[in-house]
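Structural description and commentary
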Amino acid sequence: MSETVTAATEAETFSFPQPRTCPYRPPAGYSALRAHGPLAEVTLYDGNTAWLVTRHADARRLLTDPRVSSERASDGFPIITPRLLGARWFRTLVTMDGEEHSMYRRMLIPDFTAKRTKAMQPDVERIVDDCVDRLLAATPPVDLIQDFASELSSRVIFHLLGVPTEDQATFQERSVRLLRAADSEEAEGPLSELVAYMDQLVSSRGSGTGAWLLDRLSGEEVAKGELDRGDLIRMAVQLLVTGQGTTAQMIALGMATLLEHPDQLASVRADPDTVPAAVDELLRYLTIADMAGLRVVTEDIEFHGRVIPAGSGLILPYALLNHDPETYAEPDRFDVPREPRQHFAFGFGPHNCLAQGLARMELEVTFRALLRRVPSLRLEKPLKELRVREAADMQGVYELPVTW
């Protein structure tokens, strides 16, 4: 008979999330969680408990199980920080399940195919070169996040959505404020402003004759009644905030990681064909979206001889899984030639990141440009001395000063 997992069956609980002290390594507390076994009970900031999965193979199975839900509004969904309280009710593609999720995802697929990504590459290269020009025109030291990566990633998303050039500075300022918000109350203002702006932008579209995502969806899906206007607005805000924030951190921390591994940096610089492999290893090694694997169990699930009851919060920390020694030899070592083997940087299963092809292309174009055009780029401070972002839905640092 399977044993139902309850607080009484586990003698030891852990607080979660575990703080990061180094931006490129998982929290030190993850080692204890992994040693505890395949499943660990964790206590959240509000006293609620959830079950944390520690093994790569188990996570792959659970993330494709229809009894594991992304619905944040469901009872038992693990809210790991007050910053995410407001997002619990902000319904997007990320928080949908089943056929509803599949329907909306199908609507977005045309904007993220390999063909569409390839067609966007010249525009991304132009944006990257312009941002590098601006970087080189500045007086060092500069903040590689705010003075380069944030602007670059925002402009790529603006281009994808079709945000007019004259609105982009205001739009970026609001998205940065949202990403820096300390809690849900502080996030409410910039989030409302972004939603209001996007509502106005959607209202100005609708012919379906434009080349960009909002033109197509406003003209096709909303007009046919297959896409709710509110969901279109929330999708656009989600694409902006998640795409801008995670990609900016990946650009900055990815370049910093290369700089702190000069032997591998020299190898990549000598052979630009290895840039895609470097990007994949950086994605695994850094795992910016560590906290994206939050779920709730909708039906009892048997797991290693136990039963996780319906209504239980489930946490699959992607950085912990991406550093699983059963899957990756010496997982805490940055190794460009490594074959990352199905890492979780873009999630897994039905909710894997739809824009991962665009993200990879943007990172590859950016690293090639920085390696070629700013060969003397170097860090002003070691990574270990930088202030690490509090654990939430995105990991990273608040600033990354560089010079050349």
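All values derive from a computational prediction rather than experimental measurement. (Residues numbered from 1 in each chain as written. Predicted model: local features only at pLDDT ≥ 70, side-chain atom pairs only at ≥ 80, totals over all residues. Heavy atoms only, no water.)

Looking at the overall build of the chain
On a plain count of helices and strands, the chain comes out with 13 helices and twelve strands. In the chain, buried positions account for 55% of the 404 residues. Within the chain, contacts between residues separated by at least 24 positions form 73% of all contacts whose residues are at least 6 apart in sequence. With an accessible surface of roughly 16900 Å², the chain has 50% of that area assigned to carbon and sulfur atoms. (Helix = DSSP H or I, 4+ residues; strand = E, 2+ residues; numbered from the N terminus. Buried < 20%, exposed > 50% of the residue type's maximum accessible area, 1.4 Å probe, protein only. Contact = heavy atoms within 4.5 Å. Areas by Shrake-Rupley, 256 points an atom, 1.4 Å probe, with all protein chains shown as cover.)

Here we look at the sheet that holds strand β2 (residues 14–15)
With respect to topology, six strands assemble into an open sheet ordered β2-β3-β4-β10-β7-β5, the strand pairing being mixed. With one partner strand each, in any of the chains shown, β2 and β5 (68–69) form the two edges of the open sheet. (Pairing = 2+ DSSP bridges.)

Looking at unusual backbone geometry
Looking along the chain, the bond that leaves Phe-16 and enters Pro-17 is cis, with omega of 5°. As for its position among the elements, Pro-17 is in the loop between β2 and α1 (30–36). The phi dihedral of Thr-287 falls on the positive side, at around 45°, and the residue is not glycine. With relative accessibility at 0%, the residue Thr-287 sits in the buried group. Phi is positive for Glu-330, close to 45°, though the residue is something other than glycine. Topologically, Glu-330 is positioned in the loop between α12 (318–322) and α13 (356–373). You can call Glu-330 exposed: its relative accessible area is 51%.

Some words on the packing of helix α4 (residues 114–137) against helix α5 (residues 145–161)
Two numbers describe how α4 lies on α5: the axes approach to 10 Å, and their chain directions differ by 150°. As summarised for this structure, α4 and α5 are arranged roughly antiparallel, according to the angle between their axes. When you trace α4 past α5, the crossing you get is right-handed. Two secondary-structure elements touch here, α4 through Met-120, Asp-123, Val-124, Arg-126, Ile-127, Val-128, Asp-130, Cys-131, Val-132, Arg-134 and Leu-135 and α5 through Phe-148, Glu-151, Leu-152, Arg-155, Val-156, His-159 and Leu-160. (Axes fitted to C-alpha atoms, helices over the stretch in contact; angles between N-to-C directions. Parallel < 35°, antiparallel > 145°, perpendicular 65-115°, else oblique. Left-handed = near helix turned anticlockwise from the far one by under 90°.)

Observations concerning the environment of Ala-310
For Ala-310, the position within the fold is in the loop between β9 (306–308) and β10 (313–315). Placed 242 residues apart in sequence, Ala-310 and Val-68 show a C-alpha to C-alpha distance of 9.3 Å. Leaving out residues up to four positions away in the same chain, Ala-310 has contacts with Val-297, Thr-298, Glu-299 and Asp-300.

Section: the packing of aromatic side chains
Under the counting rule described, the total for this entry stands at four aromatic pairs. Judged by centre distance (5.6 Å) and plane angle (10°), the ring pair of Tyr-318 and Phe-344 falls under stacked. Highlighted residues: Tyr-318 in helix α12 and Phe-344 in the loop between α12 and α13, separated in sequence by 26 residues. Residues Tyr-318 and Phe-344 agree in their burial class; the two are buried. Their ring planes at 70° and their centres at 6.2 Å tell us that Phe-344 and Phe-348 sit as a pair that is edge-to-face. Take Phe-344 and Phe-348: they sit in the same class, and that class is buried. Taken together, Tyr-24, Tyr-285 and Phe-334 form an aromatic cluster joined through their ring pairs. The ring of Tyr-398 has Arg-387 lying over it, and the distance from NZ or CZ to the ring centre is 3.9 Å. (Phe/Tyr/Trp six-rings, centres within 6.5 Å; stacked < 30°, edge-to-face > 60°. Lys NZ or Arg CZ within 6 Å of the ring centre and 35° of its normal.)

Focus on the sheet that holds strand β12 (residues 401–403)
Here we have three strands laid out as an open sheet, ordered β6-β12-β11, and antiparallel in their pairing. Edge positions in the sheet fall to β6 (142–143) and β11 (378–379), since each of these pairs with one other strand and no more. One ladder, built from two bridges, connects β6 with β12; its direction is antiparallel. Bridged to Asp-143 within β12 is Pro-401.

With respect to the confidence of the model for the chain
Reading fine detail from the predicted coordinates is not recommended where pLDDT is low. The share of residues in the chain with pLDDT of 70 or more is 89%, and the mean pLDDT across the chain is 87. Between residues 1–11, whose pLDDT stays under 50, and residues either more than four places distant or in other chains, the model counts 23 contacts. (pLDDT = per-residue confidence, 0-100.)

Focus on helix α3 (residues 98–108)
For α3, the full list of buried residues reads His-101, Tyr-104, Arg-105, Met-107 and Leu-108. Seen end-on, α3 carries its buried residues on one side only, within an arc spanning 155°. (Arc of directions from axis to C-beta.)

Observations concerning the nonpolar core
Membership of the largest hydrophobic core comes to 90 residues, with the highest contact counts inside it found for Phe-148, Leu-161, Met-198, Leu-214, Met-255 and Leu-400. Contact partners of Leu-400, with chain neighbours within four places excluded, come to Val-142, Asp-143, Leu-144, Ile-145, Ala-252, Leu-253, Ala-256, Leu-379, Leu-383 and Leu-386. In terms of nonpolar packing, the next biggest core, distinct from the first, is built from 18 residues, Leu-33, Val-42, Leu-44 and Ile-315 among them. (Core = buried A, V, L, I, M, F, W, Y, C linked by side-chain atoms within 4.5 Å.)

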